[in-house]
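Each chain, written out:
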Amino acid sequence: MITTTKPDTRTLITIAVAVIGALSAARALRPSWEVPAPTGENLAEERLQDFRDALYFPIREFLAGGNPYDPAAMFEHWPVRQNFNLYQPYHLVLHLPFALPEYRIGAIAFTLASLVLLGVLGLLAARRAKLPLVLGTVVIGALLVTSQVGKAQLYVGQVNPLIAVGAAAALLARSSHPRVAALGLAVAWLKPQFGLPLAILLFARGSRRVALGGTVIAALASLPVVGLLVYRGGGVGPFLDVISANLAHASGTSYGAVDSVTAQRVDLPAVFFRVTDWLPPAAELTALVGVLAATAYLARKLDRGDSDSRSVADLITAVGAVVAVVHQPGDVLIAVPAMAAVAVVCWRRRKERDWRITGFAVVALLVPFAHLYFVNSAIIGLFGRRVDVTVDGVAIVVAWVLLVVVAARKRA
């Protein structure tokens with residue numbers, strides 16, 4: 001076991017894993033300096049597409065005096081393929097340094113920053129799981145940057161590593177350092193589909209100062225940007241019209257619609273539709289309320305148990321936040337620290353039935369991480385593209401259901 005390995009052997013293992021991780025990191029960084037400058041002719045380019053569509057050009061539109069939330073303006077002024085979704089307005093200022101230089105320089109800088117954040121997430125996971133800090137960080141960091149979820153963050157330029165670190169801080173420090181936790185939640189609010197469910201669940205679990213404080217910090221940080229956009233647009237009414245147009249555009253896209261058969265959404269209603277070809281009335285609202293209510297109740301129940309049960313409470317909180325509202329496979333990154341902690345407990349208590357079931361939940365959550373290119377190709381070849389875009393969501397929903405079963409079985 002790791003905890004009983006001799007120091008010299010542990011050092012050799014750490015160095016070996018670090019070398020493997022460094023090679024994986026170098027490979028994952030390549031798209032940032034190989035990606036061509038965006039033009040109207042290469043809109044289909046997938047490398048750094050989220051950096052292009054959700055960070056670089058929206059900030060450029062903001063700096064140019066426009067409103068990046070306006071789909072018509074973004075498609076008219078910039079070479080983007082996707083709409084700029086409703087990120088928190090402070091995003092336009094927070095990531096400003098990456099949009100000031102030439103595109104490729106900004107892409108490289110942002111990708112390097114994301115790689116560092118994956119390392120920080122590995123550190124938080126090792127600490128949460130009570131693993132040897134250096135070895136645990138190196139192992140988890142190497143696994144992250146080698147996994148499909150980790151590589152995808154760097155390949156398409158997502159902001160999820162930052163959100164995952166913020167969510168981890170909110171969960172890990174909510175009792176010991178509530179101010180740090182509130183700041184972490186404010187960072188997780190960068191995407192409202194993270195911030196909203198996490199704030200609700202933290203509030204329900206008794207961390208009211210963290211939930212309210214983090215939400216207020218995010219709102220206050222966004223107010224100046226909102227005020228400027230309202231002023232530029234000619235008032236509150238026109239600004240709300242832009243937000244309405246933004247939501248309408250997002251709901252009608254092949255990658256964002258709940259009833260799309262090609263979307264990679266992993267939330268409960270989208271997965272349910274792709275499995276059954278049926279979407280119940282008000283499915284998204286019902287899932288949001290139902291999943292959050294069940295998760296909050298069971299997490300509170302687990303909080304009354306020992307430290308091992310509280311680790312499961314953190315895990316069901318993270319997974320519930322992903323299942324409740326629109327999310328994609330890479331968003332499960334927020335569950336990594338809790339996954340590591342619960343995996344260690346499951347191994348230690350593997351003879352107990354409930355912990356074996358919990359272990360199956362952790363294994364199910366590993367599916368998106370293991371969904372590498374060769375796995376992707378094999379699934380498409382055997383079962384078709386629809387199964388390929390559905391399997392991650394099914395695995396995450398199954399993991400949440402298993403955690404619900406375990407939590408429901410435990411005594412209050």
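About the thresholds
- Residues numbered from 1 in each chain as written.
- Predicted model: local features only at pLDDT ≥ 70, side-chain atom pairs only at ≥ 80, totals over all residues.
- Heavy atoms only, no water.
- UniProt positions renumbered as here; feature names shortened; annotations may be inferred.
- Helix = DSSP H or I, 4+ residues; strand = E, 2+ residues; numbered from the N terminus.
- Contact = heavy atoms within 4.5 Å.
- Areas by Shrake-Rupley, 256 points an atom, 1.4 Å probe, with all protein chains shown as cover.
- Lys, Arg positive; Asp, Glu negative; His and termini not counted.
- Charge placed at Lys NZ, Arg CZ, Asp CG, Glu CD.
- Buried < 20%, exposed > 50% of the residue type's maximum accessible area, 1.4 Å probe, protein only.
- Polar contact = N/O pair within 3.5 Å; in protein donor to acceptor, adjacent residues only side chain to side chain.
- Patch = residues over 30% accessible without salt bridge, like charges linked within 9 Å, V, L, I, M, F, W, Y side chains within 5 Å.
- Salt bridge = Lys/Arg side-chain N within 4 Å of Asp/Glu carboxyl O.
- Core = buried A, V, L, I, M, F, W, Y, C linked by side-chain atoms within 4.5 Å.
- Axes fitted to C-alpha atoms, helices over the stretch in contact; angles between N-to-C directions.
- Parallel < 35°, antiparallel > 145°, perpendicular 65-115°, else oblique.
- Nonpolar A, V, L, I, M, F, W, Y, C, P; charged D, E, K, R; others polar.
- Phe/Tyr/Trp six-rings, centres within 6.5 Å; stacked < 30°, edge-to-face > 60°.
- Lys NZ or Arg CZ within 6 Å of the ring centre and 35° of its normal.

- Naming follows an unreviewed UniProt entry, where the protein chain appears as Glycosyltransferase family 87 protein of Lentzea roselyniae.
- Per its UniProt entry, the protein chain bears the Subcellular location (unreviewed entry) comment "Cell membrane".
- Listed under Sequence similarities (unreviewed entry) in UniProt, the entry text for the protein chain is "Belongs to the glycosyltransferase 87 family."

1. What about the overall build of the protein chain?
1) Next: Along the protein chain, the regular secondary structure elements total 21 helices and zero strands.
2) Next: Residue pairs in contact within the protein chain that sit at least 24 positions apart in sequence constitute 70% of those at least 6 positions apart.
3) Next: For the protein chain, the exposed surface amounts to about 18500 Å²; the carbon and sulfur share of it is 67%.
4) Next: Of the charged side chains in the protein chain, 37 are positive and 25 negative, and the gap between their average positions amounts to 14 Å.

2. Details of the side chain of Asp53
1) Next: Here Asp53 is to be found in helix H2 (residues 49-63).
2) Next: Residue Asp53 is classed as buried on the basis of its relative accessible area, which comes to 1%.
3) Next: Of note is the side chain of Asp53, whose polar atom sits 2.6 Å from the side chain of Arg52.
4) Next: A polar atom in the side chain of Asp53 sits 3.2 Å from the backbone nitrogen of Gln82.
5) Next: Those residues in contact with Asp53 that lie beyond four places of it in its chain are Pro58, Pro79, Val80, Arg81, Gln82 and Phe84.

3. Concerning the UniProt feature "transmembrane region" (unreviewed entry) in the protein chain
1) Next: The sites that carry the UniProt feature "transmembrane region" (unreviewed entry) are, in the present numbering, residues 103-124, 131-149, 180-204, 210-231, 278-299, 360-383 and 389-408.
2) Next: End C-alpha to end C-alpha, residues 131-149 measures 22 Å, and it is 84% helix and 0% strand.

4. Some details on unusual backbone geometry
1) Next: Positive phi values are uncommon outside glycine, yet Leu48 reaches one of about 60 degrees.
2) Next: Owing to a relative accessible area of 0%, Leu48 belongs among the buried residues under this scheme.

5. Some details on the environment of Pro178
1) Next: Structurally, Pro178 is set in helix H10 (residues 178-188).
2) Next: Through-space distance from the C-alpha of Pro178 to that of Ala338 is 18 Å; in sequence the pair is 160 residues apart.
3) Next: Filtering out sequence-adjacent residues up to four positions away, Pro178 remains in contact with Ala173, Arg209 and Val210.

6. Digging into a nonpolar patch on the surface
1) Next: On the surface, a nonpolar cluster with roughly 290 Å² of combined accessible area is contributed by Ile15, Val19 and Leu23.
2) Next: Residue position: Ile15 is located in helix H1 (residues 7-34).
3) Next: Among the residues examined, Ile15 registers a relative accessible area of 49% and is labelled partly exposed.

7. Quick word on the nonpolar core
1) Next: Counting residues in each nonpolar core, the largest one holds 107 residues, and the members touching the most others are Phe51, Leu315, Val319, Leu333 and Ile334.
2) Next: Looking at which element gives the most residues to this core, the answer is helix H16 (residues 307-324), with 10 residues.
3) Next: For Ile334, the contacting residues outside a window of four places in its chain are Ile163, Ala164, Ala167, Phe194, Ala318, Ala321 and Val322.

8. Observations regarding the pattern of salt bridges
1) Next: Here the structure, examined in full by the defined rule, presents 16 salt bridges.
2) Next: Between Arg47 and Glu34 there is a salt bridge, with the nearest N and O atoms lying 4.0 Å from each other. Of this pair, Arg47 sits in the loop between H1 and H2 while Glu34 sits in helix H1, placing them 13 residues apart in sequence.
3) Next: Taking the relative accessible area as the measure of exposure, Glu34 reaches 36% and is therefore partly exposed.
4) Next: Between Arg349 and Glu352 there is a salt bridge, with its nearest N and O atoms 3.1 Å apart.

9. Re the packing of helix H9 (residues 160-172) against helix H11 (residues 192-204)
1) Next: Packing of H9 against H11 brings their axes to within 12 Å, and their N-to-C directions diverge by 5 degrees. Looking at the two axes, H9 sits roughly parallel to H11. In this structure, H9 contributes Asn160, Ile163, Ala167, Ala170 and Leu171 to the contact, and H11 contributes Phe194, Leu198 and Leu202.
2) Next: Considering only residue class, the contact of H9 with H11 consists of seven nonpolar, one polar and no charged.

10. Considering the environment of Val391
1) Next: In this structure, Val391 sits in helix H21 (residues 385-409).
2) Next: On a C-alpha basis, the gap between Val391 and Val367 in space is 8.1 Å, while along the polypeptide they are 24 residues apart.

11. A few points about the environment of Val225
1) Next: Turning to its location among the elements, Val225 is positioned in helix H12 (residues 208-233).
2) Next: Here the alpha-carbon distance between Val225 and Leu402, two residues 177 residues apart in the chain, equals 42 Å.
3) Next: Discounting residues that sit within four places of it in the chain, Val225 has contacts with Phe62, Pro89, Leu92 and Val93.

12. Observations regarding the packing of aromatic side chains
1) Next: One pass over the structure, following the stated rule, counts 11 aromatic pairs.
2) Next: Over the ring of Trp347 we find Arg350; its NZ or CZ atom is 4.1 Å from the centre of that ring.

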